[in-house]
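Summary of structural features
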Amino acid sequence: MIQMLKLAFRNLGRNRRRTFFSALAMGLALALLLFMAAFIQGEVGSAVEASIQLQSGHLQVRTASYDEAKTSLKWEDLIESPEQVAGQIASIGPVAAATPRLYASGFLTTRNESAGVRVVGIDPTSDASAPFRMGVLDGAFLAPDDREGVLIGAPLANRLDLSAGDSVSLSVNTSDGDVAEQAFTIRGIYSTKTSSFDSVTVFLPLAKAQVLTGAQDRASTIFVLLKDTAQTEAVVASLQAPGFQVLTWRDLNKLLIQTEELASSYMAYFYLIVLAIAATVIVNTQIMSVYERTREIGILSALGMRGRRLLALFLTESGFLALAGILLGLVVGGAFVAYFTRYGVPIDVSQFGVTGMLFSDRIYTELTAKDAIQLTVMTLIVTLLAGVYPAVLAARMEPVAALRAEK
Amino acid sequence: MEVAKVENVTRIYTVGKVETQALRGVSLAIESGEFTALVGPSGSGKTTLLQLLGCLDRPTGGRVIINGKDVSQLNRDQRADMRRGTIGFIFQFFALIPTLTAYENIEMPLLLNGHTAAERQARISELLDAVGLGDRGASRPDQLSGGQQQRVAIARALASKPSLILADEPTANLDTPNGQQVMETMTRLNKETGVTFVFATHDPRVIQYARRIVTLRDGLVAEDKAVK
């Protein structure tokens, strides 16, 4: 057995460069798979997390008739006395924060330019507003009683060439179907590092938004954050009330979740294709090795080596090749993933124009132990399988024919 | 005692639609301890006969009997088992495994036969001395001359104490002094150990060592004579 391992090992050493490059092909394939898995995991994690924190919350409570697509401000579509409703929801154990929000479509105009925006009335003191409060880059955050201030995102400020203290005009649709316009001061500029969100979202204090849109003491939704995502379903069950709809982060991020599901299913094919390409390299190397060593196979056979042992010899060689490849793959892939887990992969989100889907400007790779083990084992299995055909070729050779070979 | 016997053996090779009859009905018995040369022109069937005697191939017709056992219809693995321990080979090319040292090459048949490490070590030193290469055990084949490589091959063929050693043109790739040395080694081992040698050759300098000369022509035994 030990002699067999020794022989297999030395056989790989005969053509070191070829062995190295074959192992490298396998290694790079594994490294690529590890990186892709970590990238997707990081992307899913960050996109869902960003959406929950900024846009969907874990839950939203709305009136049964509210239609998000229309950003309706009709009184019958809005929640009355939203502070009171939010207070009741906040008293449930697993709830971290519950706060009313009012949504309106609007238009931000400067002297030279204008941009369509989504106006969100928020309670600046709520914990749920923390990402915006923490994200202020310039100027100040909103105060609850601010009557003239708006908070706009950094990409919008850049585009319209605005800074804190500048004046703008904001038009919004109102509850009675009109448009209201008022001059505001840019109180502050924020960034959540999620450009697709920051470039269209403008914040007002809830009270001011209610006055401007004519919604009075009403809100579009109660935005709810939980202490633990896993408790979502339990809280939904306790929130059912006639005339209201309770939507979870799953309902509100359907597109994102479907995209991710689609991604993970096509990634499986992608993995298989990458591994198949790498396996071809192994098959090719081993077949070359079998043909180069045909006469040697004849000699071993003449000495009385059975087909099974020849098979084992060549399988051991591809096994060593697989181990070397996996080692290389783990080192290279591990280094890449570690780097991008720390520093993130910058991506140009302006290319992703999908409404309602948020992607951070940087994706921090996240390699789960499950992915790492699964992909490593998959690579090992594929390499070993790739070695089967050349090994069978060697084992099936007729000794007479093999001995006649040129070399 | 008969070590090997062929009875009315034929061997037909088919390449595409062309049939070549390499042996047309050869009968021959090899007694234990013989030192026999198979001679004849190229294409006369010497190598084919050696391959059948060595269980490397199966006859198209007739029987091949090794140590009293009919091996004509054995499958690939059964023939491998038969070769291991019963038959040693010496080829025209110096058929050593290039990645293994002289010592390890000789060790290979012993490993395949399941000898212990101590048994292997004792046997290999004995064999290296017997072929005059006691100090070259650690050398790789590419560090040995052709004659030295062929002597390692002889040692390997003897390793598991086979009853029959088959050599196909063992000196064809060697110069005269090396060829002579190889033949002398074979003759000496034949005398000392009693192992049977059958070798194919058309080199007159080699034929002179034989004690029996079997001449093949067109796939048939043309002459079979003992030499004093």
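As a convention, each chain's residues are numbered from 1 in the sequence order in which they are written. For this description, chains carry letters from A and ligands carry numbers from 1, given in the order in which they are written. Only residues with pLDDT of at least 70 are given local features in this predicted model, and only at 80 or more are side-chain atom pairs given and counted; all residues enter the totals for whole chains, interfaces and linings.

**Digging into the overall build of chain A**
Working definition: helices are DSSP H or I runs of at least four residues, strands are E runs of at least two. Numbering for both runs from the N terminus. Within chain A one finds 14 helices and 14 strands. The reference for a compact globule is 2.2 Å times residues^0.38; the radius of gyration itself is calculated from the C-alpha atoms. Expected size for 407 residues packed as a compact globule is a radius of gyration near 22 Å; at 31 Å, chain A overshoots this value by more than 25%. Along the first, second and third principal axes, the C-alpha atoms of chain A reach 95 × 50 × 30 Å. Residues with at least 20 neighbouring C-beta atoms inside 10 Å of their own are called buried, those with 12 or fewer are called exposed, and the rest are partly exposed, where every C-beta is derived from the backbone. In chain A, buried positions account for 43% of the 407 residues.

**Notes on the interface of chain B and chain A**
A common measure of how large an interface is: the accessible area buried when the components associate. Listed by partner, the interface residues are 18 residues for chain B and 16 residues for chain A. Of all the secondary-structure elements, those providing two or more residues to the side of chain B that touches chain A are helix H2 (76-86) and helix H3 (102-112) of chain B. Top element by residues in the side of chain B that touches chain A is H2 of chain B. It accounts for 7 residues. Here, residue contact means that the backbone-derived C-beta atoms of the two residues sit within 7 Å.

**Regarding the sheet that holds strand E4 (residues 61-66) of chain B**
Residue and element names in this part refer to chain B. By definition, two strands form a pair when at least two bridges between them are found by DSSP. Spatial ordering of the open sheet is given by E2-E1-E4-E5, a layout of 4 strands whose pairing is antiparallel. The open sheet is flanked by strand E2 (18-31) and strand E5 (69-70), the only strands paired with a single partner. Strand direction decides the pairing type here: E4 and E5, joined by 2 bridges, are antiparallel. Within E5, the position partnered with Ile 66 by the bridge is Lys 69. In this description, a line fitted to the C-alpha atoms serves as the axis of each element, helices being fitted only across the stretch in contact, and the angle between N-to-C directions of two axes falls anywhere from 0 to 180 degrees. Of the strands in this sheet, strand E1 (2-15), E2 and E4 touch helix H1 (residues 46-53), which is tilted by about 120° from E1.

**Regarding the domain arrangement of chain A**
In terms of domains, chain A is made up of domain 1 (2-51 + 256-404) and domain 2 (65-242). Summarising the inter-unit geometry, the C-alpha centres of domain 1 of chain A and domain 2 of chain A are found 49 Å apart. For each domain, the first and last residues come from an automatic or database assignment.

**What about helix H10 (residues 254-292) of chain A?**
Residues and elements named next belong to chain A. For H10, spanning 39 residues, the distance from its first C-alpha to its last is 57 Å, which sits close to the expected 57 Å at 1.5 Å a residue. Looking at H10, one finds that the buried residues are Leu 256, Tyr 271, Leu 275, Ala 278, Ala 279, Val 281, Ile 282, Thr 285, Gln 286, Ser 289 and Val 290. Those residues of H10 that are buried are in contact with helix H2 (16-56), helix H12 (307-343) and helix H13 (369-395). The length a helix should cover is 1.5 Å for every residue beyond the first.

**Focus on the confidence of the model for chain A**
Here pLDDT means the predictor's own confidence in every residue, given as a number from 0 to 100. When pLDDT is averaged along chain A, the result is 88, and 97% of the positions lie at 70 or above. The weakest mean pLDDT in chain A belongs to strand E14 (residues 362-363) of chain A at 80; the strongest belongs to strand E9 (residues 201-205) of chain A at 94.

**Considering the nonpolar core**
For this analysis, nonpolar core means a set of buried Ala, Val, Leu, Ile, Met, Phe, Trp, Tyr and Cys residues linked through C-beta atoms within 7 Å. Grouped together as the largest cluster of nonpolar side chains are 116 residues, with contacts concentrated most on Leu 34 of chain A together with Leu 38 of chain B. Sorting elements by how many residues they give to this core places H2 of chain A first, with 13 residues. Leave out the neighbours within four places in its chain, and Leu 38 of chain B touches Lys 46, Leu 49, Leu 50, Val 198, Phe 199, Ala 200, Val 214 and Leu 216 of chain B. Formed by 49 residues, the second largest nonpolar core is a distinct cluster that contains Leu 78, Leu 156, Leu 170 and Ile 189 of chain A.

**Regarding the environment of Ala 276 of chain A**
Here Ala 276 of chain A is to be found in helix H10. The spacing of Ala 276 of chain A and Thr 383 of chain A is 107 residues in sequence and 9.1 Å in space, taken between C-alpha atoms.

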